[in-house]
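Take a look at the letters that make up each chain.
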Amino acid sequence: MEAKQWEEKDEGEVTETPSKSKSKSAEYEAVVRAGPHLRPLQQVHAHLVVSGCHRSRALLTKLLTLSCAAGSIAYTRRLFRSVFDPDSFLFNSLIKASSKFGFSLDAIHFYSRMLLSRIAPSSYTFTSVIKACADLSALRVGRVIHSHVLVTGYGSDSFVQAAIIALYAKSSALGIARKVFDKMPQRSVVAWNSMISGYEQNGLANEAVVLFHKMRELGVDPDSATFVCVLSACSQLGSLDLGCWVHDFIISNGIRVNVVLSTSLISMFSRCGNVSRARVVFDSMNEGNVIAWTAMISGYGMNGYGVQAMELFNRMKTCGLAPNTVTFVAVLSACAHAGLIHEGRQAFASMRKEYGLIPGVEHHVCMVDMLGRAGLLSEAYQFIKELSPEELVPAVWTAMLGACKMHKNFDLGVEVAENLISAEPENPAHYVLLSNMYALAGRMDRVESVRNIMIQRGLKKQVGYSTIDVNNKTYLFSMGDKSLPETNEIYHYLDELMSRCKEAGYAPVPESAMHELEEEEREYALRYHSEKLAVAFGLMKTSHGMTLRIVKNLRMCEDCHSSIKFISVVTNREIIIRDKLRFHHFREGSCSCLDYW
């Protein structure tokens, strides 16, 4: 008879004979070989039960984490219930795996079980479970766990603090996140990244950039994750100068550029209007995934290079990469902005036929936009009628309404606008569109009625603004803005500029101004739109030959679009404006959108 194989120590640990240890080693290798694949893991588990090794905590812990990685949280739970007296290592491994692989609710559940088992959590525990709360934006639960952190004495742990900052930032509690951040005696790069990312993800790109500059001033070296956040902030702001600096810093410091960072660079350059440099980054990638290809296709599309977008899409398919639903949004959007109707129809049809993808809301919006822009209003409206009630979202009606306005089909436009208001009665933008449509159709009585409804409901039109970066500083303009010290100089320069444009053939487009104004008042209102003020300021403050880059939060009006074409002629400057819909590259009196936007 073999000697006794299991001996219990006082602490509850298990010692094994050499033969049993060797057997367990083989079993452990079998678990590792199975990897994160459910069926092989179940087979190995069955073998462990037969061999008598199924009570080994080390083996069960590995099984649990791998089954979680395999995506079967139900099997993971069943395995966990079979564990007698789980220890802290098993709980921590399980909480981390659940959080890492997207089972955030289960991570919180296992944390609760850990507390019920009277096992003290560690910094390792808190980092994982707080991440799970952050992923769920579970602020209430996160606050409770934050209190546990303070009570157990882990409030000064740098990794736990970084996780807490990410929790509050992702839950839009940026004030609390910043308080935690500011109280840290020593901030790791992870903590800086969490705070910068929090600002960027909540639309406060400028604050993210300011914090990044402070990080650099204090001598903290950024890592690739920092740059991904900062590049995303640059994309929001249209801050090409900072984006170029980041790119140059990465190159000069030999920082390894992975797929995520490359994709961020491509997206940043594209969203700042420098598609050629985005393509340089794309071509320099050793290997690209579908996300990188999609980013480059989207970059071409939003900048008006629809043909290049389709060429890259076809090359992507030739390389054996299967496009996903996001890729098709980029492709259809490129077709819509470039008037590639045949290509767009083919791409939409191929989603189901070739790739088994079900078109979603964004694809339907792109199709209506594409058909409507091309003047195929009847086909676009028929496409809408064939959608199910669940698919008939406000964005579809908005795309149709834009097409009606573009092609001056005011009767259909009024019908579409009324459907839009029925779908989203509290959105003031819809009432403004309906009011404009009535005005263009000459139905001024209805204009007054719509505006009275807006007043009664307390709905206000969204304020338009434009931003421009000059000498690494961002300037913001609204219509008729007089906040800068140089206001008189800006207005005087703009007046002279518009006089020169009129001599070159420019005529105001009065339909772009508010309809209740008199003719002279309309021209005044048009002249001082935010993008015109930003252009004038940029021309004054930059040297001759420099390209101006402006970001506008709303769609550019027809008058601004027309006038800036003339400004590009009389000043011999390239002017790039990114509005809500797309990029406009104004050069020598023409625009990259070919007046099709």
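So, how was this worked out
- Residue numbers run consecutively from 1 along every chain, following the written order of its sequence.
- Reporting of local features is limited, given that this is a predicted model, to residues whose pLDDT is at least 70; pairs of side-chain atoms are given and counted only at 80 or more, and all residues count toward the totals for whole chains, interfaces and linings.
- Only heavy atoms go into the side-chain values, all of them from the structure, while hydrogens and water stay out.
- Take a side-chain nitrogen of Lys or Arg and a carboxyl oxygen of Asp or Glu: if they are within 4 Å of each other, that pair is a salt bridge.
- We count a stretch as a helix when DSSP gives it H or I for four or more residues in a row; a strand needs E for two or more, and each element gets its number in order from the N terminus.
- Burial classification: accessible surface area is computed with a 1.4 Å probe over protein chains only, and a residue below 20% of its type maximum counts as buried, one above 50% as exposed, and the rest as partly exposed.
- Classification of ring pairs rests on two measures: the distance between centres of Phe, Tyr or Trp rings, Trp counted by its six-membered ring, which must be within 6.5 Å, and the angle between planes, read as stacked under 30 degrees, edge-to-face over 60 and tilted in between.
- Working rule: Lys NZ or Arg CZ, within 6 Å of ring centre, within 35 degrees of ring normal, means a charge sits over the ring.
- Values of pLDDT, which run from 0 to 100, indicate the predictor's confidence residue by residue.
- The criterion used for residue contact is that any of the two residues' heavy atoms lie within 4.5 Å.
- For this analysis, a nonpolar core means a set of buried residues of the types Ala, Val, Leu, Ile, Met, Phe, Trp, Tyr and Cys, connected via side-chain atoms within 4.5 Å.
- We treat two strands as partners when DSSP finds at least two bridges between them.

Draft legend 1. Main features of the pattern of salt bridges. Considering all chains together, one arrives at 12 salt bridges under this definition. As a salt-bridge pair, Asp283 and Arg279 come within 3.0 Å of each other at their nearest N and O atoms. With Asp283 and Arg279 both in helix H16 (residues 275–284), this residue pair falls 4 residues apart, about one helical turn. A relative accessible area of 47% means that Asp283 is categorised as partly exposed. One network of salt bridges, with partners in common, ties together Lys131, Asp135 and Lys170.

Draft legend 2. Local environment of the packing of aromatic side chains. Tallied over the full model, the rule gives 19 aromatic pairs. Between Tyr111 and Phe126, the aromatic rings sit 6.2 Å apart at their centres with planes inclined by 55 degrees, giving tilted as the arrangement. In this pair, Tyr111 sits in helix H6 (residues 104–116) while Phe126 sits in helix H7 (residues 123–136), placing the two residues 15 residues apart along the sequence. Since its relative accessible area comes to 3%, Tyr111 is described here as buried. Feature note: the residues Phe212, Phe227, Trp245 and Phe249 constitute an aromatic cluster, connected by ring pairs. The aromatic ring of Phe181 is capped on one face by Arg187, whose charged end is 4.6 Å from the ring centroid. The positively charged end of Lys482 is found above the aromatic ring belonging to Tyr491, 5.8 Å away from the centroid.

Draft legend 3. Quick look at the confidence of the model for the chain. Residues of the chain with pLDDT of at least 70 account for 88%, and the chain-wide mean is 85. Residue range residues 1–22 is modelled with pLDDT below 50. Its contacts to residues more than four positions away, or to other chains, number 25 contacts. In this model residues 513–521 is a low-confidence stretch, pLDDT under 50, and it forms 11 contacts with partners more than four residues away in sequence or in other chains.

Draft legend 4. Representation of the nonpolar core within the structure. Within the largest apolar cluster, 139 residues are counted, with the highest numbers of intra-cluster contacts made by Ile130 and Met400. Not counting chain neighbours up to four residues away, the residues in contact with Ile130 comprise Ile145, Val149, Val160, Ala163, Ile164 and Leu167. Of all hydrophobic cores here, the second largest spans 31 residues; its members include Ile490, Leu494, Tyr528 and Cys560.

Draft legend 5. How the structure looks around the sheet that holds strand E6 (residues 575–578). The strand order E4-E3-E5-E6-E7-E8 describes an open sheet built from 6 strands, whose pairing is mixed. On the outer flanks of this sheet lie strand E4 (473–478) and strand E8 (590–591), each paired with one strand and no other. By the bridge criterion, 6 bridges tie strand E3 (residues 465–470) to E4 in an arrangement that is antiparallel. Residue pairing across strands places Asp469 opposite Thr474, the latter belonging to E4.

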